[in-house]
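Structural characterization, general
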Amino acid sequence: MKQVITILPSNKIDKDKWNRCVAENTNGLMYSSTAYLNAMAENWHGLVIDDYAAVMAIPWKKKYGIRYAYTPPFIQQLGLIGDAASYDWRQILNAIENFILFADLHFNFSNASVQSAVELISKTNLILDLSVGYLAIESGYKTDLKENINKATAENIL
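Residues numbered from 1 in each chain as written. Predicted model: local features only at pLDDT ≥ 70, side-chain atom pairs only at ≥ 80, totals over all residues. Heavy atoms only, no water.

**A short note on the overall build of the protein chain**
Defined as follows: Under the DSSP-based scheme used, a helix requires at least four consecutive residues in state H or I and a strand at least two consecutive residues in state E, with every element numbered from the N terminus. What the globule rule says is 2.2 Å times the number of residues to the power 0.38, and the radius of gyration is computed from C-alpha atoms. Each residue's exposure class comes from its accessible area (1.4 Å probe, protein chains only) as a fraction of the maximum for that residue type: buried when under 20%, exposed when over 50%, partly exposed otherwise. The contact criterion used throughout is that any non-hydrogen atoms of two residues lie within 4.5 Å. Here the Shrake-Rupley method, with its probe set to 1.4 Å, supplies the accessible areas, and only the displayed protein chains count as covering residues. The sign given to each residue is positive for Lys and Arg and negative for Asp and Glu; His and the chain ends receive no count. The location of each charge is read from NZ of Lys, CZ of Arg, CG of Asp or CD of Glu.
Per the secondary structure count, the protein chain includes five helices and five strands. Secondary structure elements in the protein chain, listed N-terminal to C-terminal, are β-α-α-β-β-β-α-β-α-α. A compact globule built from 158 residues would reach a C-alpha radius of gyration of about 15 Å, whereas the protein chain, at 20 Å, exceeds it by more than 25%. Its C-alpha atoms give the protein chain principal-axis dimensions of roughly 60 × 35 × 35 Å. Looking at the protein chain as a whole, 34% of its 158 residues qualify as buried. Restricting to contacts in the protein chain with at least 6 residues of sequence separation, those with at least 24 account for 69%. A total accessible area of about 10300 Å² is found for the protein chain, and carbon and sulfur atoms account for 53% of it. Here the protein chain contributes 14 positive and 16 negative side-chain charges, whose respective centroids are spaced 8 Å apart.

What follows is the structure, given as structure tokens:
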């Protein structure tokens, strides 16, 4: 089944539909919300599949008249938000290639299926669960870290 892919400038995106897609999908990270993208990226377009069933932000800049995609500061992961495995990555990447000439895209943790269409470099992402509270986190500290924290506290560094 052919998917309908549209690339829209950020000011033409239906923000409610876009943000709903981000909020309702397990791979919808805050980096892909329209408010965050507007604050962090100078320019961005959105790749929209089948009336916001899946979305992907494409931040871009221009140099010497050539548009290129980049990853803005403080945006760790973007990639396709939605059920990435159910989409044709070749078609998605062709749409992106028709929009920009060069790209440095950081896909999100659930976009592993893109490897069927392009070579990726997988990076480790360490996540610290802050909901357990500081004492639980501190109990996992190594002895030398606890000693360094105590020394820094005694010297009024912390």
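**A closer look at the environment of Ile-137**
Note on placement: Ile-137 falls in helix H4 (residues 134-138). Using a relative accessible area of 16% as the deciding quantity, one classes Ile-137 as buried. Dropping the residues within four chain positions of it, Ile-137 is found in contact with Leu-128, Asp-129, Leu-130 and Val-132.

**Notes on the nonpolar core**
Here is the rule: Residue types Ala, Val, Leu, Ile, Met, Phe, Trp, Tyr and Cys, when buried and joined through side-chain atoms within 4.5 Å, form a set referred to as a nonpolar core.
In this structure, Leu-47, Ile-49, Ile-58, Leu-80, Trp-89, Ile-92 and Ile-96 are the most contacted members of the largest nonpolar core, which totals 19 residues. Where this core is concerned, the elements lending two or more residues are strand S2 (43-49), strand S3 (54-63) and helix H3 (89-99). A total of six residues in this core trace back to one element, the largest contributor, which is H3. If we ignore the near neighbours within four places in the chain, the residues touching Ile-92 are Gln-3, Ile-5, Leu-47, Ile-49, Leu-80 and Tyr-87. If you look at the next biggest cluster of nonpolar residues, it comprises 17 residues, including Val-22, Tyr-31, Val-48 and Ile-75.

**Section: the pairing of S2**
Heads up, the condition is: The pairing criterion for strands is at least two bridges between them, as found by DSSP.
Across the seven residues of S2, six count as buried, placing the element largely inside the fold. Where strand S1 (residues 5-9) lies against S2, five bridges are found, and the strand directions are antiparallel. Bridged to Ile-5 within S2 is Ile-49. Counting the residues between successive antiparallel strands, the hairpin from S2 to S3 contains four residues, one of them, Asp-50, with a positive phi of roughly 45°.

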